Amino acid sequence: MRLGCHLSIAGGLHRAFEQARKLEINAMQIFSHNARSWKFSPLTDEEVERFRQAWAESPVEYVVIHTSYLINLASPKRNVYYGSINALRKEIERAGQLGISHVNTHVGAHLGRGVEEGLRRIVRALDAALESPEAERFPEVLILLENDAGTGTSLGARFEELGFILDNGRHSERLRICFDTCHGFAAGYDFRTPEGLEGMLEEMDRAFGLERLVLVHANDSKHPLGSRKDRHEHIGRGHIGLEGFRWVVNHPKLRDLPFILETPKADEESEKLDSEMDRVNLATIRRLRKREAGDLNP
Ligand code: ZN
Ligand code: MN
Ligand code: MN
């Protein structure tokens, strides 16, 4: 099983591999810069070399970059819109330099302009980013669109909206989908039973084609089904619950995808230290996973 968490890049991008080693994980997600800022200092040759060296010596098989939270590909504000396209170009470039082929992003919010106009802006923004010199220089880098919880005017909570973006973009061959369990549940998809999960996967298949789904963000939800609130909870302690996750991690259409946890780092109740809760959540997922013959790394 490819399983891991979102890890900090404090002290340098390559430092994430040290944490991965301690947590005994073979997949990880990182920001490529300060995710609360628009600023990108170019990667130095030394940074790139250190990262590639650390990766070569690491059991980590899968790395994905998560883009900045400031990105809004649907924004009606000029500076935010063009800033978002620019940020995406920079993320593609950094991914290419580091040897990472997946850049995961939220699509954004229409801020009152309506779903249709918002989706069209997103399509144009992705076209622009994928027609940039950066994207042409690194053709192996793909953009993953993450489903949203549907808070406010956010787009991408409905699978059909993601499907619209894929169907209308000029470079859909470079677009894939990431499914965040917390967001999907908050958006109203009830996949806590085998029938529910099957139904949701069929909806995904109709909307964008299940073969486009390449990553799962495994997060429980602090809020109930359809709440449209994006608050992640420790696996099994939220409204999705252990039984819900059992089906998700074992479904034949999902079990071979990488699973990345974005669960809270700390536990308010027992005051466990940061990475200890990652350990607990990883262990929970591993326990839920059925062992199968040939699955050497369950
Ligand atoms: Zn995300
Ligand atoms: Mn997520
Ligand atoms: Mn979230």
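For the structure itself, consult the block above.
Below or above, wherever it landed, is the structure these notes cover. In this text the structure is predicted, and so the values were computed from the model without any measurement. Numbering of residues starts from 1 in every chain and runs along the sequence as written. Chains carry letters and ligands carry numbers; both start at the beginning, A for chains and 1 for ligands, and go up in the order they are written. The model is predicted, so local features are restricted to residues of pLDDT at least 70 and side-chain atom pairs to those at 80 or more, both for listing and for counting; the totals for chains, interfaces and linings are taken over all residues. Each side-chain value is worked out from all heavy atoms of the structure, with water and hydrogens disregarded.

Okay, the overall build of the chain next. From N to C terminus, the chain includes 10 helices and 10 strands. Two things to know: the radius of gyration comes from C-alpha atoms, and the globule rule equals 2.2 Å times the number of residues to the power 0.38. Here the C-alpha radius of gyration of the chain, 18 Å, is about what a compact globule of 298 residues would show, namely 19 Å. Expressed as lengths along the three principal axes of its C-alpha atoms, the size of the chain is roughly 45 × 45 × 40 Å. Whether a residue is buried, partly exposed or exposed follows from its accessible area with a 1.4 Å probe, protein chains only, as a fraction of its type maximum: under 20%, in between, or over 50%, in that order. Within the span of the chain, comprising 298 residues, buried residues form 56% of the whole. What makes two residues a contact is simply this: any of their non-hydrogen atoms within 4.5 Å. Excluding contacts between residues fewer than 6 apart, the proportion of contacts in the chain whose partners are at least 24 apart in sequence is 75%. In this text, helices come from DSSP runs of H or I with a minimum length of four residues, and strands from runs of E with a minimum of two, each type numbered from the N-terminal end.

All right, on to the coordination of the zinc ion (ligand 1) then. For Na, K and Ca the donor cut-off is 3.2 Å, while for other metals it is 2.8 Å, and in both cases only N, O and S atoms qualify; water is not among them, so sites may look incomplete. The protein atoms donating to the zinc ion (ligand 1) are H66 (NE2), H106 (NE2) and E146 (OE), with metal-donor distances spanning 2.0 to 2.2 Å. Motif for the zinc ion (ligand 1), donor spacing along one chain: H-x39-H-x39-E. Here the zinc ion (ligand 1) and the manganese ion (ligand 2) are spaced 3.2 Å apart, and both take E146 as a donor. One end of the pair, H106, is in strand 4 (residues 102–106); the other, E146, is in strand 5 (residues 142–146), with 40 residues separating them in the sequence. On the accessibility criterion, E146 (1% relative accessible area) is buried.

A few words on unusual backbone geometry. Unlike most non-glycine residues, L111 shows phi in positive territory, near 55 degrees. When its relative accessible area of 43% is taken as the criterion, L111 is described as partly exposed. The backbone phi angle of R228 is positive, close to 60 degrees, even though this residue is not glycine. A relative accessible area of 37% means that R228 is categorised as partly exposed.

What follows is about the pattern of salt bridges. Oppositely charged side chains can pair when the atoms bearing their charge come close. Note on definitions: salt bridges are taken to be side-chain nitrogens of Lys or Arg within 4 Å of carboxyl oxygens of Asp or Glu. Under the counting rule described, the total for this entry stands at 14 salt bridges. With its nearest N and O atoms 3.0 Å apart, the salt bridge here joins E243 to R246. Of this pair, E243 and R246 both sit in helix 9 (residues 241–250), three residues apart, which is roughly one turn of the helix. The class of R246 is partly exposed, set by a relative accessible area of 31%. The salt bridge partner of K265 is D278, with a shortest N-O separation of 2.6 Å. You can see K265 sitting in the loop between strand 10 (259–261) and helix 10 (274–288) and its partner D278 sitting in helix 10, a full 13 residues away along the chain.

This part covers the environment of G163. Relative to the elements of secondary structure, G163 occurs in helix 6 (residues 159–168). Residue G163 is classed as buried on the basis of its relative accessible area, which comes to 1%. Expressed as a C-alpha distance, the spacing of G163 and A207, which sit 44 residues apart in the sequence, is 5.0 Å. In this structure, G163 is in contact with A207 and F208, ignoring residues within four places of it in sequence.

Here we take up the sheet that holds strand 4. Two strands form a pair only when DSSP identifies at least two bridges running between them. Ordered by their spatial adjacency, eight strands build a closed barrel running 1-2-3-4-5-6-7-10, and the pairing between neighbours is parallel. Recorded for the sheet is a direction-independent mean angle of 30 degrees between the axes of neighbouring strands. As paired elements, strand 2 (residues 27–30) and strand 3 (residues 62–66) share four bridges and run parallel to each other. Counterpart to Q29 in the pairing with strand 3 is V64. For helices, the fitted line uses only the C-alpha atoms of the stretch in contact; every axis is such a line through C-alpha atoms, and the angle between N-to-C directions lies from 0 to 180 degrees.

Turning our attention to a negative patch on the surface. Only residues whose relative accessible area exceeds 30% and that take part in no salt bridge are eligible for patches, with like-charged residues grouped when within 9 Å of each other and nonpolar side chains (Val, Leu, Ile, Met, Phe, Trp, Tyr) grouped when within 5 Å. Only the protein chains shown count as cover for residues, and all accessible areas are computed by the Shrake-Rupley method using a 1.4 Å probe. Charge convention: Lys and Arg are scored as positive, Asp and Glu as negative, and His as well as the terminal groups of each chain are ignored. Charged groups are reduced to one reference atom each: NZ for lysine, CZ for arginine, CG for aspartic acid, CD for glutamic acid. Residues E198, E202, D205 and E211 make up a contiguous surface patch of negative charge. Checked against the element boundaries, E202 lands in helix 8 (residues 194–208). Overall, E202 belongs to the partly exposed group, its relative accessible area being 43%.

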